[in-house]
Amino acid sequence: MTEFEGKIKELSKLIYNWNLINVASKSKLDDFSKKLLNALLKERNVEKISRIIESELCVTFGLFSNKFDSNILAVQIMQWQDK
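Sequence order as written defines the numbering, with residues in each chain counted from 1. pLDDT decides what is reported in this predicted model: residues at 70 or higher carry local features, side-chain atom pairs at 80 or more are listed and counted, and totals for whole chains, interfaces and linings draw on all residues regardless. Excluding hydrogens and water, the side-chain figures rest on all heavy atoms present in the structure.

S.K.: What exactly am I supposed to notice about the overall build of the protein chain here?
M.R.: Counting its regular elements, the protein chain contains four helices and zero strands. Helices (α) and strands (β) of the protein chain occur, in sequence order from the N terminus, as α-α-α-α. It is over C-alpha atoms that the radius of gyration is taken, and the globule rule equals 2.2 Å times the number of residues to the power 0.38. Taking 12 Å as the expected radius of gyration for a compact globule of 83 residues, we find that the protein chain reaches 12 Å, a close match to that expectation. For the protein chain, the C-alpha atoms occupy an extent of roughly 35 × 30 × 20 Å along the three principal directions. Of all 83 residues assigned to the protein chain, the portion counted as buried reaches 36%. Per-residue accessibility takes into account occlusion by the displayed protein chains alone, with areas from the Shrake-Rupley method and a 1.4 Å probe. Split by element, the accessible area of the protein chain, about 5400 Å² in all, is 49% carbon and sulfur. For the purpose of charge, His is not counted, nor are the chain termini; Lys and Arg are scored as positive and Asp and Glu as negative. Charge coordinates come from a single atom per side chain, which is NZ of Lys, CZ of Arg, CG of Asp or CD of Glu. Where the 13 positive side-chain charges of the protein chain centre and where its 11 negative ones centre are 3 Å apart. Runs of E in the DSSP output that reach at least two residues are strands. Runs of H or I that reach at least four are helices, and both are numbered from the N terminus. Each residue gets one of three labels from its accessible area relative to the maximum for its type: buried under 20%, exposed over 50%, partly exposed in between, using a 1.4 Å probe on protein chains only.

S.K.: How do you make sense of the packing of helix α3 (residues 46-60) against helix α4 (residues 70-82) when you look at a structure like this?
M.R.: For every element, the axis is a line fit to its C-alpha atoms; helices are fit only across the contacting stretch, and the angle between N-to-C directions ranges from 0 to 180 degrees. Running from N to C, α3 and α4 cross one another at 120 degrees; their axes reach a closest spacing of 8 Å. Judged by the twist between their axes, the crossing of α3 over α4 is right-handed. When α3 is examined against α4, the residues Val 46, Ile 49, Ser 50, Ile 53, Glu 54 and Leu 57 are found in contact with a partner set consisting of Ser 70, Asn 71, Leu 73, Ala 74, Val 75, Ile 77 and Met 78. Each residue is assigned to one class: nonpolar for Ala, Val, Leu, Ile, Met, Phe, Trp, Tyr, Cys and Pro, charged for Asp, Glu, Lys and Arg, and polar for all the others, Gly among them. Among the residues forming the contact of α3 with α4, the class breakdown is nine nonpolar, three polar and one charged. Crossing chirality is assigned from the near helix's rotation relative to the far helix, an anticlockwise turn below a right angle marking it left-handed and a clockwise turn marking it right-handed. Contacts are assigned to residue pairs with any non-hydrogen atoms lying within 4.5 Å of each other.

S.K.: What's the story with the pattern of salt bridges in this structure? I'm lost.
M.R.: Pairing is possible between side chains that carry opposite charge, provided their charged atoms lie close to one another. Salt bridges are identified by distance alone: a Lys or Arg side-chain nitrogen within 4 Å of an Asp or Glu carboxyl oxygen. Under the defined criterion, the tally for this structure stands at three salt bridges. Taking the shortest distance from any N to any O, the salt bridge between Glu 56 and Lys 35 comes out at 2.6 Å. With Glu 56 in helix α3 and Lys 35 in helix α2 (residues 26-42), the pair connects residues that are 21 residues apart, well separated along the chain. Note on Glu 56: relative accessible area 8%, which makes it buried. Between Asp 82 and Arg 44 there is a salt bridge, with the nearest N and O atoms lying 3.2 Å from each other. With Asp 82 in helix α4 and Arg 44 in the loop between α2 and α3, the pair connects residues that are 38 residues apart, well separated along the chain. Judged by relative accessible area, which is 43%, Arg 44 ranks as partly exposed.

And the structure:
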């Protein structure tokens, strides 16, 4: 497993622990994590990460945006990356 793949798995665990989504497919969660990690590697921008989170949670996982705060979740991801 590469370092990048390991980070995807770690980020997937963080997202899973939000308890927002029921994951039928682990690969969907890993795909979400991969999008976020790629965005983080390009630039550390809370607004961009927040938009990705909101889009994925609403479009891919079917949540309504009033069920979560994408800005708070983006900050959590940024803090996770700083560890």
